[in-house]
Amino acid sequence: MPELPEVETTLRGISAHILNTTITRVNIRNPKLRWPVPASLPDYLLQSQFSTIQRRAKYLLLSCESGTLIIHLGMSGSLRIVSVNESYDKHEHFELCFANGKALRLKDPRRFGAVLWTTEPVTQYPLLQHLGPEPLSSDFNPDYLFKHSRARKVSIKQFIMDSKVVVGIGNIYANEALFASGINPKRAAGRISKARYEKLCAASKTILRQAIKQGGTSLKDFTGGDGKPGYFKQELLVYGRKNQPCTQCGHNLKEIRLNNRSTVYCTQCQK
DNA sequence: CAGCGCCCCTGCCCGC
DNA sequence: TGCGGGCAGGGGCGCT
């Protein structure tokens, strides 16, 4: 669920509720996430307030005076705002309660997500310091892609899903962006022309912007509990459409595994 | 360093 | 209807 647009929407959705209100409780209901949730979190967080909440890649960064809480949603994580006395869902593993009567809850059935703490500037935190540019920033541009791909033999799909190259392009968007730009996902990144990188770059930005625009709807579905943003599926032209006709040429779409991830494309339209 | 496979974990869907 | 196998939107890590 948490594609970059949903992380962005989550950020926008939670901020107003939990900024500048005192943290009154820290409940680590199950510390076993991707990495153990630090048991010392209450020492840092209790009685302090978040002054800023930002996103870098798919990491949410909640900063207070003493440091920054880092939250990643992994494959199945979601955050929601509830009243402090609301009963828990089965997989709500982490909770912060606030003086304004609200609570922030992390629900994550697969527990691939993470809740971490750093006192360093976030740009120096190990998990964040080698990340590539944000896909919607001007640093992500055709020249950058062309230059950094020259010696690379990996497939273009793996290349754009590599967070050292660019962050936030997950499996769905990689499939969609490659279809939109007519590039075969298997093609070596180093053997793609500047002109084609121009198309790919523009398509990636357009698709991500479009999805962010619809993120509100997605979040509503999401907090509603079923976790399947139905509106979103309608926009997908290749992902999840194996053996269905290409919207461009009618030829049936093909599915392969690339880097052990589902990869769907049109053998006629993507060369 | 580049590239690749593995793995963390639960839920769900499919075929038998 | 029960059960086993495979697969899922992420991404760090360890090995070659």
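Predicted, not measured: the structure shown is a model, and the values here were computed from it.

Asker: Any chance you could explain helix H4 (residues 142–149) here in plain terms?
Answerer: Owing to its 3.6 residues per turn, the α-helix brings residues three or four apart onto one side. Three or more residues of H4 are buried, namely Pro-142, Tyr-144, Leu-145 and Ser-149. Projected down its long axis, H4 shows its buried positions confined to an angular sector of 165 degrees, all on one face. Elements that come into contact with the buried residues of H4 comprise helix H5 (156–160) and helix H7 (194–213). With a side-chain oxygen positioned 3.2 Å from the backbone nitrogen of Asp-143, the residue opening H4 is Asn-141.

Asker: Would you mind going over the packing of aromatic side chains with me for this structure?
Answerer: Ring pairs (aromatic) are described by centroid distance and by the angle formed between their planes. As enumerated under the stated definition, the model contains 2 aromatic pairs in all. Stacked on the ring of Phe-146, the Lys or Arg Lys-194 has its end atom at 5.5 Å from the ring centre.

Asker: How should the pattern of salt bridges be read in this particular structure?
Answerer: Side chains bearing opposite charge may pair, as long as their charged atoms lie close to each other. Taken as a whole and assessed by the stated rule, the structure comprises 14 salt bridges. In this structure, Asp-143 engages Lys-194 in a salt bridge whose closest nitrogen and oxygen atoms are separated by 3.0 Å. Placement of the pair is Asp-143 in helix H4 and Lys-194 in helix H7, with a sequence separation of 51 residues. Residue classification places Lys-194 among the partly exposed residues on the basis of a relative accessible area of 31%. Here Lys-242 ties to Glu-255 by a salt bridge, and the two come within 3.4 Å at their closest N and O atoms. In this pair, Lys-242 sits in the loop between helix H9 (230–233) and strand S9 (254–258) while Glu-255 sits in strand S9, placing the two residues 13 residues apart along the sequence.

Asker: It is not clear to me how the protein's contact with DNA strand C should be interpreted in this structure. Could you clarify?
Answerer: Taken together, 21 residues surround DNA strand C, and among them Lys-58, Tyr-59, His-72, Arg-257 and Arg-261 come closest. Of everything in DNA strand C that lies within 4 Å of the protein, sugar and phosphate atoms constitute 54%. Within the side chain of His-72, one N or O atom sits 2.5 Å away from a phosphate oxygen of DNA strand C. Contact between DNA strand C and Asn-171: a phosphate oxygen at 3.1 Å from a main-chain N or O atom of the residue.

The rules behind the values
- Residues numbered from 1 in each chain as written.
- Chains lettered and ligands numbered in written order.
- Predicted model: local features only at pLDDT ≥ 70, side-chain atom pairs only at ≥ 80, totals over all residues.
- Heavy atoms only, no water.
- Buried < 20%, exposed > 50% of the residue type's maximum accessible area, 1.4 Å probe, protein only.
- Helix = DSSP H or I, 4+ residues; strand = E, 2+ residues; numbered from the N terminus.
- Arc of directions from axis to C-beta.
- Contact = heavy atoms within 4.5 Å.
- Polar contact = N/O pair within 3.5 Å; in protein donor to acceptor, adjacent residues only side chain to side chain.
- Phe/Tyr/Trp six-rings, centres within 6.5 Å; stacked < 30°, edge-to-face > 60°.
- Lys NZ or Arg CZ within 6 Å of the ring centre and 35° of its normal.
- Salt bridge = Lys/Arg side-chain N within 4 Å of Asp/Glu carboxyl O.
- Near = heavy atom within 4 Å.

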